[in-house]
Amino acid sequence: KKIGFAILGLGELTETQLLPAFEKCRYAEPVALVSDDTYKANELAEKYNLRKSCVYSYDNFDEIGKNPAVDVVYIVLPNVMHKDFTIRSAKAGKHVLCEKPMATNISDAKMMIDACKNANRKLMIAYRIQHEPHNRVIKEWIDNDVFGRVKVIECFNGEYIDDASQWRFKQSLAGGGALMDLGIYCINTIRFLTGNEPVWVAANMYSTPGDKRFKEVEETILFQMGFEDGIIASCAASYSLNYQRYRCFTNNTWFGMDPAFAYSDLKIEVSKTNDGKDSPLPVVKQENQFVLVMDHMAECILNDKSLATPGEEGLKDQYVIAAIYKSAKQKKVIFLNEITEDN
Ligand code: NAD
């Protein structure tokens, strides 16, 4: 049996990545679509052989509870909408796979976790990097000190977006700027790679004066994180350039990925050896990350297994995000233990 997914939000990610990815899934299949654009929903339903009765709008969404073919609702909407639809999905008796960031503040994230717990449903955050094989090799190297103990990590995630009308530039829909959308990859990936939590953060943000994209949210944010075991991470996220990589430094070498967070063609990099020669690189299979995420969720439901990236994992990032914004606003170092739901 395959697990049935309802996709909520038929934007770019759904159309270009998620719906095509189902074809390669072993355990997940699309069975319903939810959108306020009936024309587009019907068009996509026809393309993917879904019955018209399996197309829902935001208004009649709660009726999805009566559809036994739907096991999971995959929420692919602007960030601020994740909370309400997670709660509505759990109330309708459905498991939830939610896009990153799971929410835009700590208390919403907690409500989402509670709603799914109370309904005895699983809540997974679609952190595809944690399921991606190249990044998992880097984690193994760090876990086993293969190149020595990692002391410093440098991580950058940028994506140039020039459409000023995008929801990503509206605080009321995005809940934040480059940090909420892109910097979260730096936070979540470094937490995953090191298996460590940040103790303090220090941040600065910048938006070009007069750029109409950045009236409400930040363009670029620079942040440092100090981890429990002494690792320091130096990170940046920006909407004004296309670049994404990380490097992990030990006392005499470095290794990392460039690109690190793309959908495909990911590449591991290792510094040249001391005598100037290229280091041998491992051969790692490129996998479709969306297939890995959806199949993981489906497999965990089929076998009642624990999720690798549950709601609690998203909540941890919400604390770090709150601390980073607080640091940037107050222009001082913020310790994570100062952060509460009110931040
Ligand atoms: P998008 O703009 O392409 O699509 C958004 C969808 O939400 C559209 O179907 C739109 O109709 C719908 N919508 C409902 N109410 C809306 C409103 N008030 N304003 C705008 N759109 C509204 O966005 P996207 O790039 O697909 O992003 C959706 C979610 O997926 C976000 O949370 C984003 O962070 C996440 N995302 C994740 C990845 C990843 O690699 N994991 C990549 C892209 C996006």
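Residues numbered from 1 in each chain as written. Predicted model: local features only at pLDDT ≥ 70, side-chain atom pairs only at ≥ 80, totals over all residues.

Per an unreviewed UniProt entry, the protein chain goes by Gfo/Idh/MocA family oxidoreductase and derives from Panacibacter ginsenosidivorans.

A.B. asks: Quick question: what am I supposed to make of the UniProt feature "domain: GFO/IDH/MocA-like oxidoreductase" (unreviewed entry) in the protein chain here?
C.D. replies: When the UniProt feature table is mapped onto this chain, "domain: GFO/IDH/MocA-like oxidoreductase" (unreviewed entry) is found at residues 137-245. The straight-line gap between the two end C-alpha atoms of residues 137-245 is 15 Å; of that span, 26% is helix and 31% is strand. (UniProt positions renumbered as here; feature names shortened; annotations may be inferred. Helix = DSSP H or I, 4+ residues; strand = E, 2+ residues; numbered from the N terminus.)

A.B. asks: Quick question: what am I supposed to make of the sheet that holds strand S3 (residues 55-56) here?
C.D. replies: The pairing of strands in a sheet comes from backbone hydrogen bonds and takes either a parallel or an antiparallel form. Judged by pairing direction, the sheet is parallel, and its six strands sit side by side in the order S3-S2-S1-S4-S5-S6 without closing on themselves. Looking at the sheet topology across the chains shown, the edges are occupied by S3 and strand S6 (123-125). Pairing of strand S1 (residues 3-8) with strand S2 (residues 28-34) involves six bridges; the strand directions are parallel. Across the sheet, the residue bridging to isoleucine 3 is alanine 28, located in S2. (Pairing = 2+ DSSP bridges.)

A.B. asks: Honestly, the UniProt feature "domain: Gfo/Idh/MocA-like oxidoreductase N-terminal" (unreviewed entry) in the protein chain in this entry has me stumped. Any pointers?
C.D. replies: Sites flagged by UniProt as "domain: Gfo/Idh/MocA-like oxidoreductase N-terminal" (unreviewed entry) map to residues 4-127. From the first C-alpha to the last, residues 4-127 spans 20 Å; its make-up is 35% helix and 20% strand.

A.B. asks: I keep staring at the pairing of strand S8 (residues 198-206) and nothing clicks. Help me out?
C.D. replies: Along a regular strand, successive side chains alternate from one face of the sheet to the other. Direction of pairing for S8 relative to strand S9 (residues 220-227): antiparallel, over a ladder of eight bridges. Paired with asparagine 204 across the bridge in S9 is leucine 222. With two bridges joining them, S8 and strand S14 (residues 334-335) adopt antiparallel strand pairing. Within S14, the position partnered with tryptophan 200 by the bridge is phenylalanine 335.

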